[in-house]
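Overview (structure and organization)
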Amino acid sequence: MLRLHDTLTRQIVPLAPAGSRILRMHTCAAHGPAGLGDPRPHLLADLIRRVSERSGLRVLACRNVSDLGHGGDGGASLEAGALALNMRVPEHSPRTSETMGLIIELIGRLIEHGHAYTTPEGAVMFDAASFPVYGEMCGEAAPGDWTLWEPGDEDRAGTAWDAPWGRGLPSRDIECSATPLRFLGPRFDLYVGGEGLRSPHHERVRAQSNAATGEEAAAHWAHAGHLLFEGRPVDDHDSNSGSDSSSDGGSDDDLPGSSPAGSPSGSSGGADAVTPARVAAAGLDPLAVRLALLRHHYRQQVDLTWDSLKTADAELRRLRRRVAEWAESPSRPIDATYAGRVQNALDDDLDTPEALRLLGDLETDESVTPGAKFETFLHFDHILALDLPADIGKA
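A few points about the overall build of the chain
For the chain, the count of helices and strands is twelve helices and 13 strands. Across the chain, contacts joining residues at least 24 apart in sequence account for 76% of those joining residues at least 6 apart. Accessible surface, the chain as shown: approximately 15,900 Å² in total, 48% of it carbon and sulfur.

As for the side chain of Asp 335
Residue placement: Asp 335 occurs in the loop between helix H9 (306–326) and helix H10 (336–347). Buried charged residue Asp 335 carries no salt bridge. Nearest counter-charge: Arg 341, at 7.6 Å. Setting aside its immediate chain neighbours within four residues, Asp 335 contacts Val 368, Ala 372 and Thr 376.

Overview of empty space enclosed by the protein
In this structure the tally under the stated criterion is three cavities of 30 Å³ or more. Put simply, the largest cavity is a space of about 140 Å³. Of all elements in the fold, only strand E3 (22–31), helix H1 (40–54) and strand E4 (58–66) reach the threshold of two or more residues within the lining of the largest cavity. Per-element accounting of the lining of the largest cavity gives the leading share, four residues, to H1. For the lining of the largest cavity, the residue count by class is seven nonpolar, two polar and four charged. Quantified by volume, the second largest cavity comes out at close to 70 Å³. At four residues, the largest contribution of residues to the lining of the second largest cavity is made by H1. Within the lining of the second largest cavity, the residues separate by chemical class into eight nonpolar, two polar and one charged.

Focus on the confidence of the model for the chain
Model confidence for the chain is summarised by a mean pLDDT of 87, while 85% of its residues fall at 70 or above. In this model, residues 236–271 is a region of pLDDT below 50 whose contacts with residues beyond four sequence positions or in other chains number 87 contacts.

Description of the sheet that holds strand E5 (residues 116–118)
Remark on secondary structure: sheet strands pair via backbone hydrogen bonds, oriented parallel or antiparallel. What the four strands build is an open sheet, ordered E5-E6-E7-E8; its pairing is antiparallel. Each of the sheet's edge strands pairs with one partner strand only, and the pair in question is E5 and strand E8 (168–170). In this sheet, adjacent strand axes meet at a mean angle of 20 degrees when their direction is disregarded. Bridge count between E5 and strand E6 (residues 124–126): three bridges; the pairing is antiparallel. Across the sheet, residue Thr 118 finds its bridge partner in E6, namely Val 124. Against the sheet, helix H3 (residues 100–112) engages E5, E6, strand E7 (146–151) and E8, with an angle of about 125 degrees to E7.

Details of the sheet that holds strand E12 (residues 232–233)
Here three strands make up an open sheet; going across it, the order is E12-E11-E13 and the pairing mixed. The open sheet has two free edges, formed respectively by E12 and strand E13 (302–304), since each of these has just one partner strand. In terms of strand pairing, strand E11 (residues 227–229) meets E12 through two bridges, oriented antiparallel. Within E12, the residue paired with Phe 229 across the bridge is Arg 232.

Observations concerning the packing of H3 against helix H4 (residues 172–183)
Interaxial distance between H3 and H4 falls to 9 Å at its minimum, and their mutual angle equals 100 degrees. With respect to their mutual orientation, H3 and H4 come out roughly perpendicular. Within the contact between the two elements, H3 uses Leu 102, Ile 103, Leu 106, Ile 107 and Leu 110 and H4 uses Ile 174, Glu 175, Ser 177, Ala 178, Leu 181 and Arg 182. Considering only residue class, the contact of H3 with H4 consists of eight nonpolar, one polar and two charged.

Focus on the packing of aromatic side chains
The description of two aromatic rings rests on the distance between their centres and on the angle between their planes. Applying the stated criterion across every chain, the model contains seven aromatic pairs. Relative to Trp 146, the ring of Tyr 134 has its centre 5.6 Å away and its plane inclined at 45 degrees; by these criteria the two rings are tilted. Pair noted here: Tyr 134 is in the loop between E6 and E7 and Trp 146 is in strand E7, with a separation of twelve residues, a long-range link. Between the aromatic rings of Phe 188 and Tyr 191, the centroid separation amounts to 6.3 Å while the plane-to-plane angle is 40 degrees, which identifies the pairing as tilted. Residue Phe 188 is classed as buried on the basis of its relative accessible area, which comes to 4%. Through successive ring pairs, a cluster of aromatic residues spans Phe 126, Tyr 134 and Trp 146. The lysine or arginine in question, Arg 182, covers the ring of Phe 183, its NZ or CZ lying 5.0 Å from the ring centre.

Rules and cut-offs
- Residues numbered from 1 in each chain as written.
- Predicted model: local features only at pLDDT ≥ 70, side-chain atom pairs only at ≥ 80, totals over all residues.
- Heavy atoms only, no water.
- Helix = DSSP H or I, 4+ residues; strand = E, 2+ residues; numbered from the N terminus.
- Contact = heavy atoms within 4.5 Å.
- Areas by Shrake-Rupley, 256 points an atom, 1.4 Å probe, with all protein chains shown as cover.
- Buried < 20%, exposed > 50% of the residue type's maximum accessible area, 1.4 Å probe, protein only.
- Lys, Arg positive; Asp, Glu negative; His and termini not counted.
- Salt bridge = Lys/Arg side-chain N within 4 Å of Asp/Glu carboxyl O.
- 1 Å grid on protein atoms, 1.4 Å probe; cavity = no way out; pocket = protein on both sides within 12 Å on 5 of 7 lines; lining within 4 Å.
- Points joined across faces, edges and corners; volume = space filled by probe spheres on them.
- Nonpolar A, V, L, I, M, F, W, Y, C, P; charged D, E, K, R; others polar.
- pLDDT = per-residue confidence, 0-100.
- Pairing = 2+ DSSP bridges.
- Axes fitted to C-alpha atoms, helices over the stretch in contact; angles between N-to-C directions.
- Parallel < 35°, antiparallel > 145°, perpendicular 65-115°, else oblique.
- Phe/Tyr/Trp six-rings, centres within 6.5 Å; stacked < 30°, edge-to-face > 60°.
- Lys NZ or Arg CZ within 6 Å of the ring centre and 35° of its normal.

Dropping the structure here:
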């Protein structure tokens, strides 16, 4: 059974309660037109899903896609990028414009319960003093009240909505509370996001959700470490509508990344350089991004470079050739010793670097038959999702 580091309690805990048959999970990272600028939170959620399903749990997943102010194509970009990295599609992936009624209803509930108030200008503010445990996740006090609804006639896309307190737009913070409460219920198992969203965004989301439900809405929180590309932070596209995003909620668990000299001519660091489409345009398999990230623990800071992606691409192609070679041998049962050790690594806070190291040992272990290697690699490719059988049958 998967055990994961809970950002809130700072302990490694089982994600699903004993006897549970379902895991309810929300991913918060879908802000902006590029959709998948930082793939790490989405990869974390995908790994959680695959490992949990292997243990017999049914996973109900959702994510929110903010389409305010940039034409509404973020959902399509996000889905295309996620599919290119072999990430499962959540059961629910609504755009903000499709859930405005839920957002307005949630804001109304917070006003009714005394956690929010309107201003003469038509804004709605969350009363930080009404949630005294704000900051438990990051150890920071609330800097002040924050906006839930901003008055205005329209956003950059020419859109605005009518609400009981006036015409305007919701904040990014309230968007990320409304979606999981609607599609997963008032109490769900896991909220997944990126380290850069931990404070103040996720502190605010937790305060809003708990204030609205009267209980701890998300039982656990998990955050993927910061992603750099060629030494530069990857943009997670989350402006948080006025949130003070300069506080990144950095973790002591982060490891420093290197700062390489630069990327190839015509490319730049930042979000666009690491998207699957950009990687494919450079002649590399997009799943090289997945493999390169799996080589690092999800809570560590990672600095990807074009060189590291080229290395991962070459390794991916080599592994596929090996699997294709083993496929020509008589089939044998999965090697139970290696399989048990790999599964234990994955169950222990998703230690993918150790899992890949063990599979590397299996690859070179001459005491294991090719047929057993083949079946063992295919068994774990359902979790790693690197399309290792891709070369079977090719000349």
